[in-house]
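This is what each chain is made of:
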Amino acid sequence: MSLLLVTLPLPSAPSGAACGWAQWSGDGQQLLAEGSAPVALLPAGGDVTVIAPAAALSWHAVTLPQGSMSSAARLRAVLTGLLEEQLLDEAQALHFALAPGARTGTPAWVAACRRDWLHDAMQTLEAAGRRVMRIVPEFAPQPPDAPPLLIATGDADAARLTVCDAAGVATLPLDATGIALASPLPEGAAVLAEPAAAALAEALLGRPVPIVKTAERQFQATRSDWDLAQFDFATTGRARAGKKLAALAQTLWHAPRWRAARWGAAALVVAQLVGINAWAWKERNALEAKRAAAREILTRTFPAVRLVVDAPLQMTREVAALQQATGGVTPSDLEPMLGALATSLPPGRVPDAIDYNAGQLRLRGLGLQPSDLADLTRALAARGYGARAEGDLVLVQAEAPR
């Protein structure tokens, strides 16, 4: 499934303005297409990742007090109080997003943007049948141990210089004034430029500047852990968890850094399947060997048996027939049955009539209660006999060996 990145137009853009878009293969290795179009004309694809442009966001550093993250409503109220003096607009008109992994007592970044602008953009995408998985910032502050990043974007007529460092994100015009505000450039700073702004950036900076394509830069923005879909834009905890799980699954399934793990997991599954099938084949062969041995014993011991269907049962029947023919006693004879009954019947229970026929013993007049019958059945089962009641009759016969 492909990945569609949609860059929202600025809040100052007219309603229905075109969005920038880039469609990537599911593994993130190939750019399939890119362009700009209104939301209704975006190309068909999989889930949508929305990119909030840098000019639409402001960045603020806060330190959350203890207990402020107990609930979303409390966190929103705490952020409003902490940022009230830093904001140019009313806090109620803004949407806040807290940095991933933020904790109380330590500084954390908060991104702010106009709530109505983001709400209208999400509603437009939803109305067009687009499912938004994440909202990521175009640029985000750099970690304290990372070098600053300067990127020249736009075209020669409206070029911008965005500075990302540990102090936040600043977007300046790409001209002499903007360069002066960004100077002096820190040592080790990474400088990149989009193709349309590369010549102007090199002229102003006085040095060669590596080129990065817009679609590649935006794709790298999706690799961060940021997600601006918080508070009003994360309707339920389940929705947030679903988005995170979907994003994690997408990363595990397609990210190049997980390729070795995917191959290892696939190899493990294949090894397990091969092992299970080999074990099953071995067990089937062992069982068939035992059956063949039982059939061989039966036919060798009793040559008259030509067709073997159930070797243990046929062996029992042939042995019983041989015992009867030679005068031997079998469990289905009357004497062993009476002996088993004598030790299994409740005290004082004597039948009025006894009938024996073809290995089945019928007893009448025992007057057994259900509990007595259950005890008798268990006692006889331990001796290899089965018992059941049919009205006033109790039927006893030898059970077939298992």
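Above this note sits the structure.
The shown structure was predicted, so the numbers you read here are calculated from the model rather than taken from an experiment. (Residues numbered from 1 in each chain as written. Predicted model: local features only at pLDDT ≥ 70, side-chain atom pairs only at ≥ 80, totals over all residues. Heavy atoms only, no water.)

Quick one: what's the story with the overall build of the protein chain, residue by residue and with numbers?
For the protein chain, the helix and strand inventory stands at 10 helices and 16 strands. For the protein chain, the C-alpha radius of gyration of 41 Å lies well beyond 21 Å, the compact-globule estimate for 402 residues. Based on the C-alpha atoms only, the size of the protein chain along its principal axes is roughly 120 × 50 × 40 Å. Split into buried and exposed, the 402 residues of the protein chain put 37% on the buried side. For the protein chain, the proportion of contacts with a sequence separation of at least 24, taken over those separated by at least 6, is 51%. On the protein chain, roughly 23100 Å² of surface is accessible, and the fraction owed to carbon and sulfur atoms is 58%. With 35 positive and 37 negative side-chain charges, the protein chain shows a spacing of 8 Å between the two charge centroids. (Helix = DSSP H or I, 4+ residues; strand = E, 2+ residues; numbered from the N terminus. Rg over C-alpha atoms; globule rule 2.2 N^0.38 Å. Buried < 20%, exposed > 50% of the residue type's maximum accessible area, 1.4 Å probe, protein only. Contact = heavy atoms within 4.5 Å. Areas by Shrake-Rupley, 256 points an atom, 1.4 Å probe, with all protein chains shown as cover. Lys, Arg positive; Asp, Glu negative; His and termini not counted. Charge placed at Lys NZ, Arg CZ, Asp CG, Glu CD.)

I'd like to hear about helix α10 (residues 370-382), residue by residue, with values.
With 13 residues, α10 extends 19 Å between its outermost C-alpha atoms, agreeing within 8% with the 18 Å of an ideal straight helix rising 1.5 Å per residue. All buried positions along α10 are accounted for by Asp-372, Leu-373, Leu-376 and Leu-380. On an axial view of α10, the arc spanned by its buried residues comes to 95 degrees, and they lie on one face. Within α10, the exposed residues directed more than 90 degrees away from the buried face are Pro-370, Arg-378 and Ala-382. Tucked inside the fold, the buried residues of α10 contact α9 (334-344), β15 (385-390) and β16 (393-398). Once α10 ends, the next one or two residues include Gly-384, with phi positive near 90 degrees. (Expected span 1.5 Å × (residues − 1). Arc of directions from axis to C-beta.)

How would you summarise the sheet that holds strand β13 (residues 353-357) if you had to cite specific residues and measurements?
Through backbone hydrogen bonds, the strands of a sheet pair up, either in parallel or in antiparallel fashion. Spatially, the 4 strands line up as an open sheet ordered β13-β14-β16-β15, and their pairing is antiparallel. Pairing within the sheet leaves two strands with one partner each, and these edge strands are β13 and β15. With direction set aside, neighbouring strand axes in the sheet form an average angle of 20 degrees. Here strand β14 (residues 360-364) pairs with β16 via 5 bridges, running antiparallel. Paired with Gln-360 across the bridge in β16 is Gln-397. Each of β13, β14, β15 and β16 is contacted by α9, which is oriented at about 45 degrees to β14, the strand it contacts most. (Pairing = 2+ DSSP bridges. Axes fitted to C-alpha atoms, helices over the stretch in contact; angles between N-to-C directions.)

An account of the packing of α9 against α10 is requested, with residue identities and associated values reported.
Packing of α9 against α10 brings their axes to within 10 Å, and their N-to-C directions diverge by 135 degrees. In terms of orientation, α9 lies oblique with respect to α10. Taken as a pair, α9 and α10 cross one another with a handedness that is right-handed. Listed contacts from α10 to Ala-340, Leu-341 and Ser-344 of α9 are Leu-376, Ala-379 and Leu-380. Its residues placed into classes, the contact of α9 with α10 shows 5 nonpolar, 1 polar and no charged. (Parallel < 35°, antiparallel > 145°, perpendicular 65-115°, else oblique. Left-handed = near helix turned anticlockwise from the far one by under 90°. Nonpolar A, V, L, I, M, F, W, Y, C, P; charged D, E, K, R; others polar.)

Can you tell me about the side chain of Asp-372, naming the residues and giving the values?
Within the element layout of this structure, Asp-372 appears in helix α10. When near neighbours in sequence (up to four residues on either side) are disregarded, Asp-372 contacts Pro-346 and Arg-349.

Got a sec to walk through the packing of aromatic side chains? Specific residues and values, please.
Applying the stated criterion to the full structure yields 2 aromatic pairs. When the centroid spacing of 5.1 Å and the interplanar angle of 85 degrees are considered together, the rings of Trp-59 and Trp-226 count as edge-to-face. Of the two residues, Trp-59 sits in strand β5 (residues 58-63) while Trp-226 sits in the loop between α5 (214-221) and α6 (237-254), which places them 167 residues apart along the sequence. (Phe/Tyr/Trp six-rings, centres within 6.5 Å; stacked < 30°, edge-to-face > 60°.)

How would you sum up the environment of Asn-277? Please name residues and give values.
As for its position among the elements, Asn-277 is in helix α7 (residues 259-301). Of the polar contacts made by the side chain of Asn-277, one reaches the backbone oxygen of Leu-273; its length is 2.7 Å. (Polar contact = N/O pair within 3.5 Å; in protein donor to acceptor, adjacent residues only side chain to side chain.)

Mind laying out the sheet that holds strand β7 (residues 107-114), listing which residues take part and the relevant values?
With antiparallel pairing, the 3 strands of this open sheet are ordered in space as β5-β7-β6. Each edge of the open sheet is held by one strand with a lone partner, namely β5 and β6 (94-98). If you compare each strand with its neighbour and ignore which way they point, the axes differ by 35 degrees on average. Here β6 pairs with β7 via 5 bridges, running antiparallel. Bridge pairing in β7 places Leu-98 opposite Val-110. On the sheet, helix α1 (residues 72-83) packs against β5, β6 and β7 and is oriented at approximately 105 degrees with respect to β6. In the packing of helix α2 (residues 115-127) onto the sheet, the strands contacted are β6 and β7, and the crossing angle to β7 comes to about 70 degrees.

If you had to explain the pairing of strand β12 (residues 190-193) to someone new, which residues and values would you point to?
Burial along β12 is one-sided: Val-191 and Ala-193 are buried, and none of Ala-190 and Leu-192, which face the opposite way, are. With 4 bridges joining them, strand β9 (residues 149-153) and β12 adopt parallel strand pairing. Following the sheet pairing, Leu-149 is matched in β12 by Ala-190.

Could you give me a rundown of a nonpolar patch on the surface, with the residues and numbers involved?
A cluster of nonpolar side chains, contributed by Leu-248, Leu-252 and Trp-258, occupies part of the molecular surface with about 260 Å² of accessible area. By the element assignment, Trp-258 lies in the loop between α6 and α7. On the basis of relative accessible area, Trp-258 is assigned to the partly exposed category, the value being 35%. (Patch = residues over 30% accessible without salt bridge, like charges linked within 9 Å, V, L, I, M, F, W, Y side chains within 5 Å. Salt bridge = Lys/Arg side-chain N within 4 Å of Asp/Glu carboxyl O.)

So what's going on with α9? Residues and values would help.
Within α9, burial applies to Met-337, Ala-340, Leu-341 and Ser-344. The buried residues of α9 occupy an angular sector of 100 degrees when the element is viewed end-on, so they sit on one face. In α9, the exposed positions that point more than 90 degrees away from the buried face belong to Glu-335, Ala-342 and Thr-343. Looking at the buried residues of α9, the elements they touch are β13, β14, α10, β15 and β16.

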